[in-house]
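# Geometric and topological summary
Okay, here's what each chain looks like letter by letter:
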Amino acid sequence: MPVANAHVVVIGAGVVGLQTAVTFLENGYDVTVIAKHVPGDKSSEYTSPWAGAQWRTHSTAQDFELQKWDLASYTRWFQTVDEEKKKPGQATKSGLAKFNNVVYWTEKDEEISNGPENVWFASHMRSFEVIPQSSLPKGAIAGARYDAITIDTTVYLAYLVDRITALRGRVIKAELPTTNGLAGALATAARLLPVYGVNTPISAFVNASGILARELVPDSAVHPIRGQTVLVRGVPPQLRTIIRGQGVSYVIPRAASNSTILGGTKQVGNWNQEPDDATTKWILESCKELAPELLNEKGEFDVLSVNVGFRPGRTGGPRLEVEEVQTEAGRFVVCHEYGHAGAGYQLSFGSADKTLGLLNDHFEKKLTRAKL
Ligand SMILES: Cc1cc2nc3c(=O)[nH]c(=O)nc-3n(C[C@H](O)[C@H](O)[C@H](O)COP(=O)(O)OP(=O)(O)OC[C@H]3O[C@@H](n4cnc5c(N)ncnc54)[C@H](O)[C@@H]3O)c2cc1C
């Protein structure tokens, strides 16, 4: 249950912070988002605009909690697509679209150790089927197809801001300093809010600072997982993926903007912001067989941009945890919510629900203690 008049300040306007703000607003809280980067900004410190993005689980068969979070977004995104009566390949107002996802594996990995028919998510996917061996392309040892969702990130992030505003939340663009640690950042936030006309006392913070949690907390377990992708013109009829051991080739259609993301790399610990030409060439060549419909008369893709983003990896997985922090401006409760690596979109609903539960529990315990 929300606490009457509770005001939650979310640090971060990536997909994690924005979805968390929406979830708290929908549950009766007052919410202010403070962020250095907001939708529309492009920075290597701000991951969300650079994502593919698609629903494709990264959870293992043992990650029961993360599986639950993955399935929350699968269900809710399909609800939106169904409510707006969208056919495959048609975008919703929020930039979502359903596509059949064709996935091939070139070697036996952990995910398909018991066969592609026994991946943990098989029974949860719409239209899941194993591709017969006789229909596999050269080099593939297994394949499956199922209905999935793609997300046009620019449209989706702007939609989340609109939801926040419609629910009477606010988004403030401001950087919180990291020089005096988390306590210094929280004290600055507390001093800053009245400057923006927000005078409601702060009940709790949510720290959804993504890769910058490395400096803000500071948390040295947070590290970059570099992703280079290429945006090309046109939309293929399917979402397609080839999983090649440690590497992966994918084509993610963006139905809302007649474009497609080709990928990609996952380079742990690599901070190089510049696109690497050899990688671009490899991505373009390896995706030709996945999206032949998009090749021009010269047999090449029409390249719109080459992009680099840093997934907020974290040793041990996402951190969702409540902590109390003493600052110059008072003692504050913070729920950390960062480290979603390559799955921040698909984990966003479940992660926000969990954060809501953690802060609700915290407030209830405090109320009970106060009554004793
Ligand atoms: C190439 C690529 C492909 C991807 N594909 C997918 C996919 O298909 N599906 C999927 O689910 N995910 C995908 N991801 C992962 C996804 O993009 C991330 O997990 C997600 O964007 C992380 O969101 P976030 O809100 O935690 O961080 P961010 O988007 O980085 O947001 C962090 C926010 O915190 C703010 N902030 C930080 N420090 C401060 C401070 N001191 N003061 C004020 N504000 C601060 C920032 O300004 C920003 O607003 C992909 C990522 C990449 C790079």
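These numbers come from a predicted model, not from an experiment. Counting starts from 1 at the beginning of each chain's written sequence and moves along it residue by residue. At least 70 in pLDDT is required for a residue's local features to be given in this predicted model, at least 80 for side-chain atom pairs to be given and counted, and no such filter applies to totals for whole chains, interfaces and linings, which use all residues. Here the side-chain values reflect all heavy atoms present in the structure, with hydrogen atoms and water set aside.

### Considerations on the overall build of the protein chain
How we decide: Helix and strand assignments follow DSSP, with helices taken as H or I runs no shorter than four residues and strands as E runs no shorter than two, numbered in order from the N terminus. With the radius of gyration taken over C-alpha atoms, the globule rule is written as 2.2 Å times the number of residues to the power 0.38. Asp and Glu are treated as the negative residues and Lys and Arg as the positive ones, with His and the ends of the chain left uncounted. Note on charges: their place is set at NZ of Lys, CZ of Arg, CG of Asp or CD of Glu.
If you tally the helices and strands in the protein chain, you get seven helices and 15 strands. Over its C-alpha trace the protein chain gives a radius of gyration of 21 Å, about what one expects of a compact globule, namely 21 Å for 372 residues. Charged side chains of the protein chain number 38 positive and 39 negative; the gap between the two group centres comes to 3 Å.

### As for the UniProt feature "domain: FAD dependent oxidoreductase" (unreviewed entry) in the protein chain
The following threshold applies: UniProt positions are given in the numbering used here, feature names are shortened, and annotations may be inferred rather than shown by experiment.
Residues annotated by UniProt as "domain: FAD dependent oxidoreductase" (unreviewed entry) correspond here to residues 7–353. Span residues 7–353 is 25% helix and 30% strand, its end C-alpha atoms 17 Å apart.

### Regarding the site of the ligand
Quick reminder of the rule: Nearness is judged by heavy atoms alone; a residue qualifies as near a molecule or strand once a single heavy atom is within 4 Å of it. Polar contact is defined as a pair of N or O atoms within 3.5 Å, subject to the rule that within protein one atom must be able to donate a hydrogen and the other to accept it, and that residues adjacent in sequence are counted only when both atoms are side-chain atoms. Using a 1.4 Å probe, the Shrake-Rupley method yields the accessible areas, and only the shown protein chains count as cover for residues. In this classification, the charged set is Asp, Glu, Lys and Arg, the nonpolar set is Ala, Val, Leu, Ile, Met, Phe, Trp, Tyr, Cys and Pro, and all remaining amino acids, among them Gly, are polar. Domain segmentation is taken from an automatic or database assignment of domains.
With respect to spatial proximity, 37 residues lie near the ligand, and among them Ala-13, Lys-36, His-37, Ser-48 and Ala-341 are the closest. Between a nitrogen atom of the ligand and a main-chain N or O atom of Leu-176, the distance comes to 2.9 Å. Here an oxygen atom of the ligand sits 2.9 Å away from a polar atom, N or O, in the main chain of Gln-346. Alone, the ligand offers 1,000 Å² of accessible surface; in the complex the protein occludes 98% of this. Going through the elements one at a time, helix 1 (15–26), strand 8 (222–233), strand 13 (303–314) and helix 7 (344–371) are the ones with two or more residues in the shell around the ligand. When its residues are assigned to classes, the shell around the ligand shows 17 nonpolar, 16 polar and four charged. Counting contributing residues per domain, the shell around the ligand is built from domain 1 (7–49 + 155–221 + 316–371) and domain 2 (97–149 + 224–312), each supplying no fewer than three.

### Some remarks on the environment of Pro-49
Cut-off, in case you're wondering: The contact definition used throughout considers only heavy atoms, calling two residues in contact when any of these lie within 4.5 Å.
Summarising the element assignment, Pro-49 is placed in the loop between strand 2 (30–35) and helix 2 (64–83). Considered as a pair, Pro-49 and Gly-309 are 260 residues apart in the sequence and their alpha carbons are 8.4 Å apart. Dropping the residues within four chain positions of it, Pro-49 is found in contact with Asp-41, Lys-42, Thr-153, Leu-157, Arg-254 and Tyr-345.

### Some points on the sheet that holds strand 6 (residues 170–173)
The line we're drawing: In this description, strands pair whenever DSSP reports at least two bridges between them. In this analysis an axis means a line fitted to C-alpha atoms, helices contributing only their contacting stretch, and an angle means the value between N-to-C directions, from 0 to 180 degrees.
The sheet built from six strands is open, its strands ordered 6-2-1-7-15-14 with mixed pairing. The open sheet has two free edges, formed respectively by strand 6 and strand 14 (319–327), since each of these has just one partner strand. For this sheet, the mean inter-axis angle between neighbouring strands, taken without regard to orientation, is 25 degrees. By the bridge criterion, nine bridges tie strand 14 to strand 15 (residues 330–338) in an arrangement that is antiparallel.

### Thoughts on the packing of aromatic side chains
Definition in use: Two rings belonging to Phe, Tyr or Trp (six-membered ring only in the last case) form a pair when the distance between their centres is within 6.5 Å. Interplanar angles under 30 degrees mark stacking, angles over 60 mark edge-to-face geometry, and anything in between is tilted. Burial classification: accessible surface area is computed with a 1.4 Å probe over protein chains only, and a residue below 20% of its type maximum counts as buried, one above 50% as exposed, and the rest as partly exposed.
For the structure shown, the criterion picks out 14 aromatic pairs. Ring plane angle 35 degrees and centroid distance 5.8 Å describe the contact between Tyr-156 and Tyr-159, whose orientation is recorded as tilted. Residue Tyr-156 and its partner Tyr-159 are located together in helix 3 (residues 153–166), separated by three residues, close to a single helical turn. Between Tyr-156 and Tyr-345 the ring centres are 6.1 Å apart and the planes differ by 50 degrees, which places this aromatic pair in the tilted class. Note that Tyr-156 is positioned in helix 3 and Tyr-345 in helix 7, a separation of 189 residues in sequence. Note on Tyr-156: relative accessible area 2%, which makes it buried. The rings of Trp-55, Tyr-74, Phe-78, Trp-120, Phe-121, Phe-128 and Tyr-146 are connected pair by pair, giving a single aromatic cluster.

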